[in-house]
Amino acid sequence: MGCKFTINQRILGRSFAGLLSAVLFILLTQTASANPNSGITYHGRILKPDGQPLQGAHVSFRLQIRTPGSENCLLYEEVHSRDMRNSNGIFSLTLNDGTGTRGSDSGHNLERVFQNRGTFAGLPDCKGGSNDYTPSASDGRRLAVFFRDETMSDWVPLPPTLINFVPLAIEA
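Now for a description of the structure that goes with this document.

What counts and how
Residues numbered from 1 in each chain as written. Predicted model: local features only at pLDDT ≥ 70, side-chain atom pairs only at ≥ 80, totals over all residues. Heavy atoms only, no water. Helix = DSSP H or I, 4+ residues; strand = E, 2+ residues; numbered from the N terminus. Buried < 20%, exposed > 50% of the residue type's maximum accessible area, 1.4 Å probe, protein only. Contact = heavy atoms within 4.5 Å. Areas by Shrake-Rupley, 256 points an atom, 1.4 Å probe, with all protein chains shown as cover. Phe/Tyr/Trp six-rings, centres within 6.5 Å; stacked < 30°, edge-to-face > 60°. Lys NZ or Arg CZ within 6 Å of the ring centre and 35° of its normal. Polar contact = N/O pair within 3.5 Å; in protein donor to acceptor, adjacent residues only side chain to side chain. Pairing = 2+ DSSP bridges.

**Focus: the overall build of the chain**
For step 1, the next point in the chain: A tally of helices and strands in the chain yields two helices and 11 strands.
For step 2, the next point in the chain: Overall, the chain shows an N-to-C arrangement of helices and strands of β-α-β-β-β-β-β-β-β-α-β-β-β.
For step 3, the next point in the chain: Looking at the 172 residues of the chain, the share that counts as buried comes to 42%.
For step 4, the next point in the chain: For the chain, the share of sequence-separated contacts (at least 6 apart) that also reach a separation of at least 24 residues comes to 56%.
For step 5, the next point in the chain: If you sum the accessible surface of the chain, you get close to 8,800 Å²; carbon and sulfur atoms cover 51% of it.

As structure tokens, this is what we get:
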């Protein structure tokens, strides 16, 4: 299942002087949790405003799993680096496959951040009023993705993607 997102040129203009706009084709897949390196795969393509693909030698991606409510707390973060020369702007990143570097997140593993039981206390980087999150039985999560290449000083946010709750998909 894929979704098409176009990043608003006005947002990009503030982020890095309007050099890039992006069109993303996103496919989120989750592999079975029996595999210790299972995770979530994020595919996309980044195009410049002139329609040419982003093909930097050092493109960094920051992928975050965040709580779904107004608290919007960071549960899990990885940073991935890719050489996108000759890539036609296409990339594929998988959380928890061993190629990324963990960020300053909650410290929980990927399986735990999708569990809808218990309380997550003292979470970092919350946008709402509380640093605690108690999920309801059907809560999904929010995927936030940012990128930058060697010419950019700031991270460029991509539109957040909701990861819907699927009963027992992780805990089966």
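**Re the packing of aromatic side chains**
For step 1, the next point in the chain: Following the criterion strictly, the structure yields three aromatic pairs and no others.
For step 2, the next point in the chain: The rings of Tyr-42, Phe-61 and Phe-91 are connected pair by pair, giving a single aromatic cluster.
For step 3, the next point in the chain: Here the basic side chain of Arg-112 rests over the ring of Phe-120, its NZ or CZ set 4.0 Å away from the ring centre.

**Here's the deal with the side chain of His-80**
For step 1, the next point in the chain: By secondary structure assignment, the location of His-80 is in strand 6 (residues 74–82).
For step 2, the next point in the chain: In this structure the side chain of His-80 is engaged in a polar contact, spanning 3.3 Å, whose partner is the side chain of Thr-99.

**Regarding the pairing of strand 5 (residues 59–66)**
For step 1, the next point in the chain: Judged by how many residues are buried, strand 5 sits mostly within the fold: seven of eight residues are covered.
For step 2, the next point in the chain: Here strand 5 runs beside strand 6; their pairing, made up of eight bridges, is antiparallel. By the bridge assignment for strand 6, Gln-64 is matched with Glu-77.
For step 3, the next point in the chain: Pairing geometry for strand 5 and strand 9 (residues 141–148), over seven bridges, is antiparallel. By the bridge assignment for strand 9, Gln-64 is matched with Ala-144.

**Some points on unusual backbone geometry**
For step 1, the next point in the chain: Phi at Asn-72 is positive, roughly 45 degrees, even though this residue is not glycine.
For step 2, the next point in the chain: Checked against the element boundaries, Asn-72 lands in the loop between strand 5 and strand 6.
For step 3, the next point in the chain: Phi is positive for Asn-88, which is not a glycine, with a value near 60 degrees.
For step 4, the next point in the chain: Assignment of secondary structure puts Asn-88 in the loop between strand 6 and strand 7 (90–94).

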